[in-house]
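# What the coordinates show
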Amino acid sequence: GCFLLLLLPSLLRARASPETRPSSPLCQQSPTKVSCKGVGLRKFPKELGQGIKHLELSNNFIQNLSGSNMPGFGQLEYLDVCFNQLEAVSATALAQLPRLRSLLLGSNHLDRNYLANGEAFHLLRNIEVLDLSVNNLESHMASWYISNLTSLRVLDLSRNTMTKLLAGTFRNSPRLRQLDLSNNYIMEIQEGAFEPLEELEVLNLALNSLLCISGFSLTQLRVLNLSHNALELFSSEEGAEPYLLRVLDLSHNRLLFFPELPRAHDLTHLNLSNNLIASLLPGSPHPREFVVLYKEMQRFNRTVHPVAALTQVADLDLSNNRLELFPFSFFHSLGSLHSLSLARNCLQDVARDPFSNGTELSMRSLDLHSNALRVLPRWFFDSLPHLESMDLGSNGLQPCESQGNDQGRDLGGDSHMSAARDTCTPFYNVPRLKHLSLSKNNISMLQPHAFNQTPLLSLDLSGNRDLSMLTGALGGLELSLQELSLRDNQMDEGQAALPCLGTLRVLDLSGNHLSLLPTGLSCSPLESLDIRDNNLQTLGTVGSWSHSLRAVSVAGNPWSCCSLGWLD
């Protein structure tokens, strides 16, 4: 009611004089905040009340901010004019906004009239947050706009047309803490460009065209994103000051070897995925296609262990590279490593240093899917005593058979058993492993007690065409397994022998040739059952899960209309 009363005089005036009718429908207004998002405004809404501190004008058609349209906005602290058609900002207008702290001007046309607009920006002495993204700004235009903004803390220049960073761009913005330069065409960073930014903590240079980072020396940075460039070299300077870097993203580049990282003792997350790294071992020969393009590469000392100072790295992503060997010795110094991805490489084998026998890694999650692994030896699992989650999908691993009382350590015995274990992988007696994927491994037969004394909560065996599960194959999982996928295996009921899995909640049997459900399901408290695309005509007698079931998918079966009693 108060809102309508406030606007009533202006509405009456608008009816009396069509020429002065406001171009905006009613905006959402509180005492200090007004939102006029997407209401069709073509100019600044001067009819708004006094004392507003927060004003949102995004998604309209405003072309200019002029002083004559902005009376009574002296208290304004936040102004959002993103997604308009803004091309002119007058000094008179900005002079009336002495308390403005945040100015969002993304997705406009500020490349037009940039000289006059930039001159007006010199009045924004107190501005702390500025968004100039998606304005078609070239490097010199961006420099001019921020040339006098001494209080700036957060700056977004993403998705413009900048091709280089000029040496003096940030000369007058020493307090900048967050800088987004992503999605430009930056190929060159002039020497000293970042030197004034002694408080910079977050820098985003993703999606540019940088070829080389040499002499990286931003010791105060916490987060650096250099993903989606064309980097072939990343080298840093070692100085007296420690690096405070915590997150480094170098993914989607052209790195040929593990980068020369600074002694960043705080680094916890390192992403090197989607590069061309072929070896992690120091002193390794360069790939055949390696060409010395920079003098920095010539002086690069390959005898220095590149991970010596990465003691706090918890998350390392090396997926989508060209690694052929899993070198255990490389990860020994990464004492805090919890999550490692080597997915989509060319791994064929695992190797350990003869001097590292008995060394244990701290890894809890390991992703090795989409490689060419044929066998993982027992010492591999013994070296990963904390392993909880493992993705081995799309390899060629065959699980070994385990006897019910087999403890799974290096056993003596006949040579036949020893030879068998040279061609299969022992997944039994891995005491902390809870989640395992063996999808698409061409497993033809699952041997008895293959996972004995491994307390799995989830197991993915999908995509193993014509898989046969012998009686007792899942023996040992009766009291732990909660989720099981046998999807797309083209199994018939004679190949799917399930024990009484007393804790199984989620089961996926879709994409098989089942005409009957496995009898072992009768004692499973199922909550989700997927049996799509089988040969089922009826479910027969449903077990204890008839009351626990919450979701069931049954499409793609030749159900018999005369045998639908199970549906009740």
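All values derive from a computational prediction rather than experimental measurement. Within each chain, residue numbers correspond to sequence positions counted from 1 in written order. pLDDT decides what is reported in this predicted model: residues at 70 or higher carry local features, side-chain atom pairs at 80 or more are listed and counted, and totals for whole chains, interfaces and linings draw on all residues regardless. Side-chain calculation: all heavy atoms of the structure are included, whereas hydrogens and water are not.

### Points about the overall build of the protein chain
A run of H or I in DSSP counts as a helix once it spans at least four residues, and a run of E counts as a strand once it spans at least two, with each numbered from the N terminus. Each helix and strand counted, the protein chain has eight helices and 32 strands in total. A buried classification covers 48% of the 568 residues belonging to the protein chain. Long-range pairs, those at least 24 residues apart, make up 51% of the contacts in the protein chain with a sequence separation of at least 6. Per-residue accessibility takes into account occlusion by the displayed protein chains alone, with areas from the Shrake-Rupley method and a 1.4 Å probe. As displayed, the protein chain has an accessible area near 26,000 Å², and 50% of this comes from carbon and sulfur atoms. The cut-offs for exposure are 20% and 50% of the maximum accessible area for each residue type, with area from a 1.4 Å probe on protein chains only; residues under the lower value are buried, those over the upper are exposed, and the others partly exposed. It only takes one pair of heavy atoms within 4.5 Å for two residues to be counted as in contact.

### Considerations on the pairing of strand E16 (residues 233-236)
Here E16 shows a buried face lined by Leu 233 and Ser 235 and a second buried face lined by Phe 234 and Ser 236. Summarising the sheet, strand E14 (residues 212-216) and E16 pair through three bridges and their orientation is parallel. What sits directly across from Cys 212, in E16, is Leu 233. DSSP-based pairing: two strands are paired if at least 2 bridges between them are found.

### Thoughts on the pattern of salt bridges
Throughout this description, the term salt bridge denotes a Lys or Arg side-chain nitrogen within 4 Å of a carboxyl oxygen of Asp or Glu. Tallying each qualifying case throughout the model produces ten salt bridges. Salt-bridge contacts for Glu 56 lead to Lys 37; the nearest nitrogen and oxygen are separated by 3.7 Å. A residue pair is termed long-range when its members are at least 10 positions apart, and Glu 56 in strand E3 (residues 54-56) and Lys 37 in the loop between strand E2 (33-35) and E3 qualify at 19 residues. For Glu 56, a relative accessible area of 10% puts it in the buried group. The residue Arg 505 makes a salt bridge to Glu 527 at a minimum N-O spacing of 3.9 Å. Placement of Arg 505 in the loop between strand E29 (483-485) and strand E30 (506-508) and of Glu 527 in the loop between E30 and strand E31 (528-530) is noted, with a sequence separation of 22 residues between them. Residue classification places Glu 527 among the partly exposed positions, given a relative accessible area of 34%. Here the salt bridges share partners, and the residues they tie into one network are Arg 153, Arg 177 and Glu 199.

### Regarding unusual backbone geometry
Located in the positive-phi region is Asn 429, a residue other than glycine, with phi close to 55°. Looking at Asn 429, the relative accessible area reads 11%, which means it is buried. Even without glycine at this site, Lys 440 takes up a positive phi of about 55°. Within the secondary structure, Lys 440 is located in the loop between strand E25 (435-437) and strand E26 (445-446).

### Some thoughts on the nonpolar core
The tendency in soluble globular proteins is for nonpolar side chains to be buried as a group. Throughout this description, the term nonpolar core refers to a set of buried Ala, Val, Leu, Ile, Met, Phe, Trp, Tyr and Cys residues connected via side-chain atoms within 4.5 Å. Residues Leu 79, Leu 181, Phe 326, Phe 331, Phe 380, Met 390 and Phe 451 are the most contacted members of the largest nonpolar core, which totals 142 residues. Elements supplying a minimum of two residues to this core: helix H2 (91-95), helix H3 (114-121), helix H4 (139-145), E14 and helix H6 (378-382). Discounting chain neighbours no more than four positions away, the residues touching Phe 451 are Phe 427, Tyr 428, Leu 436, Leu 438, Leu 446, Leu 456, Leu 459, Ala 473, Leu 474, Gly 475 and Leu 477.

### Remarks on the environment of Leu 318
Counting through the fold element by element, Leu 318 comes out in the loop between strand E19 (315-317) and strand E20 (325-327). On a C-alpha basis, the gap between Leu 318 and Asp 367 in space is 9.8 Å, while along the polypeptide they are 49 residues apart.

### A few points about the state of the cysteines
Note that a disulfide, as used here, is simply two cysteine sulfur atoms within 2.5 Å. Within this structure, the stated rule accounts for three disulfides. The disulfide bridge from Cys 27 ends at Cys 36, spanning 2.1 Å between sulfur atoms. With the S-S bond torsion at 115°, the cross-link from Cys 27 to Cys 36 turns out right-handed. Residue Cys 27 is classed as buried on the basis of its relative accessible area, which comes to 8%. Between the sulfur atoms of Cys 400 and its disulfide mate Cys 424 the distance is 2.0 Å. As the torsion about the S-S bond is roughly 100°, the Cys 400-Cys 424 disulfide counts as right-handed. Note that Cys 400 is positioned in the loop between strand E24 (389-391) and helix H7 (415-421) and Cys 424 in the loop between H7 and E25, a separation of 24 residues in sequence. Using a relative accessible area of 10% as the deciding quantity, one classes Cys 424 as buried. In the protein chain, the cysteines engaged in disulfides, taken in order along the sequence, are linked 1-2, 3-4, 5-6. Here Cys 561 is not disulfide-linked; the sulfur of Cys 562 is the nearest cysteine sulfur, at 6.6 Å.

### Examining the layout of surface pockets
Of the two site types, the cavity is a set of points on a 1 Å grid over the protein atoms alone where a 1.4 Å probe fits but cannot get out, and the pocket is an open set with protein on both sides within 12 Å along at least five of seven lines, each lined by residues with an atom within 4 Å of a point. Grid points are joined across faces, edges and corners, and a volume is the space filled by probe spheres set on the points. Looking at the largest pocket, its volume works out to about 860 Å³. Taken together, 27 residues make up the lining of the largest pocket; nearest its centre are Ile 189, Glu 191, Gly 192, Ser 214 and Gly 215. Broken down by secondary-structure element, the contributors of at least two residues to the lining of the largest pocket are strand E12 (188-189) and E14. Take the lining of the largest pocket: its biggest share by element is five residues, from E14.

### Quick notes on H3
Those residues of H3 not exposed but buried are Tyr 114, Asn 117, Gly 118, Ala 120 and Phe 121. Projection of H3 onto a plane perpendicular to its axis shows the buried side chains occupying an angular sector of 155°, all on one side. Looking at H3, the residues exposed on the side facing more than 90 degrees away from the buried face are Leu 115 and Ala 116. Structurally, H3 contributes buried residues whose contacts are with strand E6 (88-89), H2, strand E7 (102-104), strand E8 (129-131) and H4. Taken from the helix axis, the directions to the C-beta atoms give the arc we talk about.

### Some thoughts on the environment of Leu 55
Of note, Leu 55 is situated in strand E3. Given the relative accessible area of 0%, Leu 55 is considered buried. Considering only alpha carbons, one finds Leu 55 and Val 34, 21 residues apart in sequence, at a separation of 5.0 Å. With near-sequence residues (within four places) excluded, Leu 55 lies in contact with Val 34, Phe 44, Leu 48, Phe 73, Leu 76, Tyr 78, Leu 79 and Asp 80.

### Examining the packing of aromatic side chains
The pairing test for Phe, Tyr and Trp rings, Trp by its six-membered ring, is centres within 6.5 Å, and the orientation test on the planes gives stacked under 30 degrees, edge-to-face over 60, and tilted for anything in between. Applying the stated criterion across every chain, the model contains 16 aromatic pairs. For the ring pair Phe 258 and Phe 330, a centre distance of 5.1 Å and an interplane angle of 65° mean the geometry is edge-to-face. Of this pair, Phe 258 sits in the loop between strand E17 (247-249) and strand E18 (269-271) while Phe 330 is found in the loop between E20 and strand E21 (339-341), placing the two residues 72 residues apart along the sequence. With relative accessibility at 1%, the residue Phe 330 sits in the buried group.

### Looking at a negative patch on the surface
Two distance rules govern patches: like charges are joined within 9 Å, and nonpolar side chains (Val, Leu, Ile, Met, Phe, Trp, Tyr) within 5 Å, applied only to residues with over 30% relative accessible area and no salt bridge. Only four residue types enter the charge count: Lys and Arg as positive, Asp and Glu as negative, with His and the chain ends excluded. To locate a charge, take NZ of a lysine, CZ of an arginine, CG of an aspartate or CD of a glutamate. There is a patch of like negative charges on the surface, built from Glu 191, Glu 195, Glu 198 and Glu 241. Mapped onto the fold, Glu 241 is located in the loop between E16 and E17.

### Brief notes about the side chain of Asp 156
Checked against the element boundaries, Asp 156 lands in strand E9 (residues 154-156). There is no salt bridge for the buried Asp 156, and the closest opposite charge comes from Arg 159, which lies 5.5 Å off by N-O distance. Separated by 2.7 Å, the side chains of Asp 156 and Ser 158 make a polar contact. Not counting the four nearest positions on each side in its chain, Asp 156 is found in contact with Leu 130, Asp 131, Leu 132, Ser 133 and Asp 180. We define a polar contact as two N or O atoms separated by no more than 3.5 Å, with the added condition that, inside protein, one atom must be a possible hydrogen donor and the other a possible acceptor, whereas residues neighbouring each other in sequence contribute only through side-chain atom pairs.

Without other data, these values stay purely geometric and don't point to any function.
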